[in-house]
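Secondary and tertiary structure notes
What follows is each chain in one-letter form.
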Amino acid sequence: MGSETTLTLPIIDFTNLKLDDNTSDWEAVKSQVYKALVEYGCFEANFDKIPLNLRKGIFASLEELFDLPLQTKLLNVSNKPFHGYVGQYPMVPLYESMGFDDADVYEKVESTTNILWPHGNPSFSKTIQSFSEQLSELDQIIRKMVLESLGAEKYLEEHMNSSNYLLRVMKYKGPQTSETKVGLNSHTDKNIVTILYQNQVHGLEVLNKDGKWISYKPSSPDSFVAMIGDSLHAWSNGRLYSPFHRVMMAGNEARYSAGLFSIPKGGYIIKAPEELVDEEHPLLYKPYDHVEFLKYYYTKEGQTELFALRTFCGLSSD
């Protein structure tokens, strides 16, 4: 018997690509992006726009942040579910995370930073804001390519203006054993697009459509994972796949990661454009408010639902 083929995510090169490109390179990458998001819901993106010192700086900042006393970290609160400090969960004892809303806006980051460091920490604020702002270009490129691929580019301005950025930073403690432990349970993201960057400690696994787990190992230091969330899955009327993923940990080292989430603003109603609804693609979800869905998802009932969005506002199975 031959050895089983190692499953990997598609790798897409965004080097030298700009948001205002109208070239054959843009068209070629756009085709790869759409195919990957239909088949996998995610891909590895080689994106060289973020300088090495900033990529190193983000992990130094995360270590500084998570080394703060628990009482201090708990000061990061939010009225939006899963936006503030998250930790101390018996079900996922290795995991803690913290959110920075409007992460590409320095004044907003500084405001959150000053809660954690009352005397200020300008270096930390600038690292978080610069990393988020520069990575947001990749998010915008991906979303523009998706809308063009769907023939829905007339909605681009509305689509971009109806969202903001959350940088969610995460730490997973090493379980101090070679036995694999759950760092974060299997779930789909609920937002538009997630872009993840991790340190040298692996652990991310993505479930493909065949029900097999793909263990992600970055191919280069410039590698990010771009992933579709439930709201873009719903907006595309099911054409794009929102993948289940999890984090599995082993060994002694801590895993640090930073995820830039493009998120629908509260009050904005997510609904599939009429151009994406036809006989072959009947409407899958009622129009819904993302924040209201999050409130449902984090209820006891919502947490037991494998396909929470379908339960919340689904019209037919997809």
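Residues numbered from 1 in each chain as written. Predicted model: local features only at pLDDT ≥ 70, side-chain atom pairs only at ≥ 80, totals over all residues. Heavy atoms only, no water.

UniProt's feature table lists "domain: Fe2OG dioxygenase" (unreviewed entry) at residues 162–264, given in the numbering used throughout. For residues 162–264, helix accounts for 6% and strand for 55%, while the C-alpha atoms at its two ends are 6 Å apart. (UniProt positions renumbered as here; feature names shortened; annotations may be inferred. Helix = DSSP H or I, 4+ residues; strand = E, 2+ residues; numbered from the N terminus.)

Packing of helix H4 (residues 106–116) against helix H5 (residues 122–149) leaves a shortest axis separation of 9 Å and a crossing angle of 135°. Relative to H5, the element H4 is oriented oblique. As H4 packs across H5, the resulting crossing turns out to be right-handed. Every residue of H5 that contacts H4 at Tyr106, Val109, Glu110 and Thr113 is listed here: Pro122, Phe124, Ser125, Lys126, Ile128 and Gln129. Its residues assigned to classes, the contact of H4 with H5 shows five nonpolar, three polar and two charged. (Axes fitted to C-alpha atoms, helices over the stretch in contact; angles between N-to-C directions. Parallel < 35°, antiparallel > 145°, perpendicular 65-115°, else oblique. Left-handed = near helix turned anticlockwise from the far one by under 90°. Contact = heavy atoms within 4.5 Å. Nonpolar A, V, L, I, M, F, W, Y, C, P; charged D, E, K, R; others polar.)

This next bit is on the layout of surface pockets. Empty space within the largest pocket amounts to approximately 970 Å³. Forming the walls of the largest pocket are 45 residues, and the residues nearest its centre are Phe82, Leu184, His187, Tyr297 and Tyr298. Listing elements by their share of the lining of the largest pocket, those giving two or more residues are strand S4 (163–172), strand S5 (177–187), strand S6 (193–198), strand S10 (245–251), strand S11 (255–264), helix H8 (290–297) and helix H9 (300–304). A per-class count over the lining of the largest pocket returns 25 nonpolar, 14 polar and six charged. (1 Å grid on protein atoms, 1.4 Å probe; cavity = no way out; pocket = protein on both sides within 12 Å on 5 of 7 lines; lining within 4 Å. Points joined across faces, edges and corners; volume = space filled by probe spheres on them.)

Reading across from one edge, S5-S10-S7-S8 is the order of the four strands in this open sheet, with antiparallel pairing throughout. Each edge of the sheet is formed by a strand with only one pairing partner; in this case those strands are S5 and strand S8 (213–215). Direction aside, the axes of adjacent strands within the sheet are offset by 25° on average. By the bridge criterion, three bridges tie strand S7 (residues 204–207) to S10 in an arrangement that is antiparallel. Each bridged residue has a counterpart across the sheet, and for Glu205 the counterpart in S10 is Arg246. (Pairing = 2+ DSSP bridges.)

Attention shifts here to the nonpolar core. In terms of nonpolar packing, the biggest core is built from 68 residues, with Phe14, Phe43, Leu65, Phe100 and Phe131 touching the most fellow members. Per-element tally for this core: the top contributor is H5, with ten residues. In contact with Phe100, other than residues within four places in its own chain, are Leu65, Val109, Thr112, Thr113, Leu116, Phe124, Ile128, Tyr165, Leu166, Leu167 and Val169. In terms of nonpolar packing, the next biggest core, distinct from the first, is built from 19 residues, Leu94, Ile214, Tyr216 and Val225 among them. (Core = buried A, V, L, I, M, F, W, Y, C linked by side-chain atoms within 4.5 Å. Buried < 20%, exposed > 50% of the residue type's maximum accessible area, 1.4 Å probe, protein only.)

Along S7, one buried face is formed by Leu204 and Val206 and the opposite face, lined by Glu205 and Leu207, is buried too. Hairpin geometry of S7 and S8 is characterised by an intervening segment of five residues between the two adjacent antiparallel strands and by a positive phi of about 80° at Gly211.

The next thing to look at is the packing of aromatic side chains. Per the stated rule, a full pass over the model turns up 17 aromatic pairs. Plain terms: the ring middles of Phe293 and Phe312 are 5.4 Å apart, the flat faces sit at 45° to each other, and that makes the pair tilted. On the criterion of sequence distance, the pair formed by Phe293 in helix H8 and Phe312 in helix H10 (residues 308–313) is long-range, its members being 19 residues apart. Looking at Phe312, the relative accessible area reads 28%, which means it is partly exposed. With centroids separated by 4.9 Å and ring planes inclined at 75°, the aromatic side chains of Tyr297 and Tyr298 adopt a geometry described as edge-to-face. Ring-pair connections join several aromatic residues into one group, and the members of that group are Tyr288, Phe293, Tyr296, Tyr297, Tyr298 and Phe312. Geometry around Trp26 places Lys144 over its ring, the cationic atom sitting 5.1 Å from the centre. The ring of Tyr297 has Lys190 sitting right over it, with the charged end atom 4.1 Å from the ring centre. (Phe/Tyr/Trp six-rings, centres within 6.5 Å; stacked < 30°, edge-to-face > 60°. Lys NZ or Arg CZ within 6 Å of the ring centre and 35° of its normal.)

Turning to its location among the elements, Leu184 is positioned in strand S5. Distance in space between the C-alpha atoms of Leu184 and Pro93 is 9.1 Å, their sequence separation being 91 residues. Apart from the residues within four sequence positions on either side, Leu184 is in contact with Val92, Tyr95, Tyr172, Arg246 and Val247.

This part covers the pattern of salt bridges. Counted under the stated rule, the structure contains twelve salt bridges. When the shortest N-O distance is used, the salt bridge between Arg55 and Asp222 registers 2.9 Å. Here Arg55, found in helix H2 (residues 52–66), pairs with Asp222, found in the loop between S8 and strand S9 (223–228); they are 167 residues apart in sequence, far enough to count as distant. Taking relative accessible area as the criterion, Arg55 reaches 9% and is therefore assigned buried. With a closest N to O distance of 2.8 Å, Glu205 and Arg246 form a salt bridge. Here Glu205 is found in strand S7, whereas its partner Arg246 is found in strand S10, with 41 residues between them in sequence. Each of Glu27, Lys30 and Glu148 takes part in a single network of salt bridges with overlapping partners. (Salt bridge = Lys/Arg side-chain N within 4 Å of Asp/Glu carboxyl O.)

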